[in-house]
Amino acid sequence: MRVLLLLATLLALCAPLTGCKRSLSTRDVNEFIDRADDAARKGFAPDICALRGKNFTLNIDFQGHEESYGPTKIEMNRKLFCQEAGKFAKVQIYNLERKSIDISLAPDRKTAVVKAEYEETMPYFEPDVMPSSPHDFRDWQVVKTRDESVVGIEGGDLVFLSTRGDAVQSLLSRKDNPVPFK
Amino acid sequence: MRPLAGPAMLLVMVGGYLIYHLASKEDAPPREFTDLEFAGADAGHTGSCYSFGTVLFAHRARNKAARTWTSPREDAWMLTLEDVVQGYTGPQSIFQKFTFEKHGDQIRLVSVDASEKISTDLKANIDDLLEGPHDLDSTPVERCQQDGAAGYDFKPSKR
């Protein structure tokens, strides 16, 4: 009887876990990507960070607007990514558009590969120049990214396990393009 | 039976908390390590007059890079700093890896690895690490709180 009682207690405590996700569908992944894009648009670091798995890695080849220089490499683990997401809160004008998405589920439906294209528009602040306010900038930067993310289940929730991609930056004069997005 | 239900639930909760707490705790050097005096960059390893913990605290105030500690061997700790810096060619990842070792009652910086264009010279890095406590006029270790105390590049506070 005691054993039964202990089992019942354990079952009761574990009951919430039965609601956890065990396999993925395309719809789940689509909804997850929508949520991730919204979190990026809001720029709230804890939400952006919560969607990354504990061993998350990001690898981006970034081609800056100066084409005479080759691309730089950005490599981040989760800790650094979350720290950088915190800095992102300073960006007050930001537009993110998803141009395409392609989702491939793994045969065991535990992970999915998401290929997506994005266009981000935000103010461009020259390095080593201290702006007097978040609106003190001359150019917009448009960053077109083509990335490939692996999405999986961790602790019952969908998370990004890794992201790698290529980004290309171009500048638009603010004078000629007061607001370059809708 | 009923009297056992409460303790059983409590046991499960406490066990769960401990497992979570132990699994989520990040590695970092213990107090016995950080309380020791940080050695200077001269050949004689003259004490800097600042505890290793004070040096780390002051460095953290100036450097906001993400920090990870690992212990490569007994009495040694490696601090990895990772950051993304903005340059004219775009954002770029940079890193620095400092290995500190315990030698008697001192902590010495024994090796530095870093991204391209960042100095790995031991003296330059030790001097840079000590800039923090010097600038903040941090509290020195006990032996340096007496008049006439000497240490590597140490200037006693005028307070």
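Before reading on, note that the structure itself is shown above.
Residues numbered from 1 in each chain as written. Chains lettered and ligands numbered in written order. Predicted model: local features only at pLDDT ≥ 70, side-chain atom pairs only at ≥ 80, totals over all residues.

Moving on, we get to the overall build of chain B. Across its full length, chain B carries four helices and six strands. Relative to a compact globule of 159 residues, whose C-alpha radius of gyration would be 15 Å, chain B shows 21 Å and is clearly more extended. C-alpha extents for chain B along the principal axes are approximately 70 × 50 × 30 Å. Taken over 159 residues, chain B has a buried fraction of 23%. Put simply, of all contacts in chain B between residues at least 6 apart along the chain, 46% involve residues at least 24 apart. (Helix = DSSP H or I, 4+ residues; strand = E, 2+ residues; numbered from the N terminus. Rg over C-alpha atoms; globule rule 2.2 N^0.38 Å. Buried ≥ 20, exposed ≤ 12 C-beta atoms within 10 Å, placed from the backbone. Contact = placed C-beta atoms within 7 Å.)

On to the interface of chain A and chain B. Counting residues at the interface gives 22 residues for chain A and 18 residues for chain B. It is helix H1 (residues 2-14) of chain A that provides the largest number of residues to the side of chain A that touches chain B, a total of six residues. Looking at the side of chain A that touches chain B, its residues break down into 11 nonpolar, five polar and six charged. (Nonpolar A, V, L, I, M, F, W, Y, C, P; charged D, E, K, R; others polar.)

Let us now look at the sheet that holds strand E6 (residues 106-114) of chain B. Spatially, E2-E1-E6-E5-E4-E3 (chain B) is the arrangement adopted by the six strands of the open sheet, whose pairing is mixed. Of all strands in the sheet, those with a lone pairing partner are strand E2 (47-51) and strand E3 (66-73) of chain B, marking the two edges. Along the sheet, successive strands turn relative to each other by an average axial angle of 35°, direction set aside. Sheet analysis places E3(B) next to strand E4 (residues 76-87) of chain B, joined by six bridges and oriented antiparallel. Within the sheet, the bridge partner assigned to B:Arg67 lies in E4(B) and is B:Leu81. Of the strands in this sheet, E3 and E4 of chain B touch helix H4 (residues 78-87) of chain A, which is tilted by about 165° from E3(B). Each of E2, strand E5 (90-103) and E6 of chain B touches helix H4 (residues 122-136) of chain B; the most contacted strand, E6(B), lies at about 120° to it. (Pairing = 2+ DSSP bridges. Axes fitted to C-alpha atoms, helices over the stretch in contact; angles between N-to-C directions.)

Another point: the environment of A:Ser23. Residues and elements named next belong to chain A. Within the secondary structure, Ser23 is located in the loop between H1 and helix H2 (26-42). For Ser23, a count of 11 C-beta atoms within 10 Å translates into the label exposed. Considering only alpha carbons, one finds Ser23 and Thr72, 49 residues apart in sequence, at a separation of 36 Å.

Residues and elements named next belong to chain B. Where helix H3 (residues 52-62) contacts H4, the two axes come as close as 8 Å, and the packing angle between them is 90°. The pairing of H3 with H4 is recorded here as roughly perpendicular in orientation. Residues Thr54, Val55, Ala58, His59, Ala61 and Arg62 of H3 touch H4, and the partners they reach there are Leu129, Leu130, Gly132, Pro133 and Leu136. (Parallel < 35°, antiparallel > 145°, perpendicular 65-115°, else oblique.)

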